[in-house]
Amino acid sequence: MDVLPESGQERHRDGTTSTGLIYQYFVDKQDIFAALLSESQLEMADFVNSLPREQGLSALLESMISEFARHWARVGRLTTTWRDIEGMAGSDRESMRELHASVAIYNSALIRALTESAAAEGSRSIDDPALIHLVLSGLKGLSDTIVINIAKEVTPEYFVSFSARALARSITE
């Protein structure tokens, strides 16, 4: 391990960063998890913002399900850590305020995409504050099914297409 002369920080000879250096940027492991979750929420918001709306709601959801499953496989299990952080420190931590802000950005992008895609096909998404939670719960459940490969009697493509159509019907008037 070497000490960098300009900063006094430690770096291993193999180029990796020491644990001590990480904690100069994060208070503890919970802050690291919150930062990872926040980053993933912003990545998903960018993804949702990039999706075309003109093909309608089912097409939008179908595009989202596959990406959400990849996202869920990568960071979905960290959500229990989120719950634990909230319980331990509440929303008073800076990392939790940033996480809540990134969630709001993602949720806003998702609602906008759902509304615009429904309008593109001549329907209207249900105007209800529970809508975002229904859609996110659906995406998480579908993603879990895809990630652990539970629906073996149908192809993944069929399952995604069927689920997108069903979810679209459940959130439109």
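The structure under discussion appears in the preceding block.
Quick summary incoming for the structure in this document.

**Concerning the overall build of the protein chain**
Counting its regular elements, the protein chain contains seven helices and two strands. When the helices and strands of the protein chain are read in sequence order from the N terminus, they spell out β-β-α-α-α-α-α-α-α. When each of the 173 residues of the protein chain is scored for burial, the buried share is 36%. Within the protein chain, contacts between residues separated by at least 24 positions form 68% of all contacts whose residues are at least 6 apart in sequence. With an accessible surface of roughly 9900 Å², the protein chain has 55% of that area assigned to carbon and sulfur atoms.

**Re helix H5 (residues 94-120)**
Compared with the 39 Å implied by 1.5 Å per residue over 27 residues, the 39 Å span of H5 between its first and last C-alpha is a close match. Within two residues after H5, Gly122 carries a phi angle of roughly 85°, on the positive side.

**Topic: the nonpolar core**
Of all hydrophobic cores here, the largest spans 30 residues; its most connected members are Leu57, Met64, Tyr106, Leu110 and Leu114. No other element matches helix H3 (residues 57-75), which puts seven residues into this core. In this structure Leu110 touches Val48, Met64, Ile132, Val135 and Leu136, once residues within four positions along its chain are discounted. Of all hydrophobic cores here, the second largest spans five residues; its members include Ala34, Leu37, Met96 and Leu99.

Parameters at a glance
Residues numbered from 1 in each chain as written. Predicted model: local features only at pLDDT ≥ 70, side-chain atom pairs only at ≥ 80, totals over all residues. Heavy atoms only, no water. Helix = DSSP H or I, 4+ residues; strand = E, 2+ residues; numbered from the N terminus. Buried < 20%, exposed > 50% of the residue type's maximum accessible area, 1.4 Å probe, protein only. Contact = heavy atoms within 4.5 Å. Areas by Shrake-Rupley, 256 points an atom, 1.4 Å probe, with all protein chains shown as cover. Expected span 1.5 Å × (residues − 1). Core = buried A, V, L, I, M, F, W, Y, C linked by side-chain atoms within 4.5 Å.

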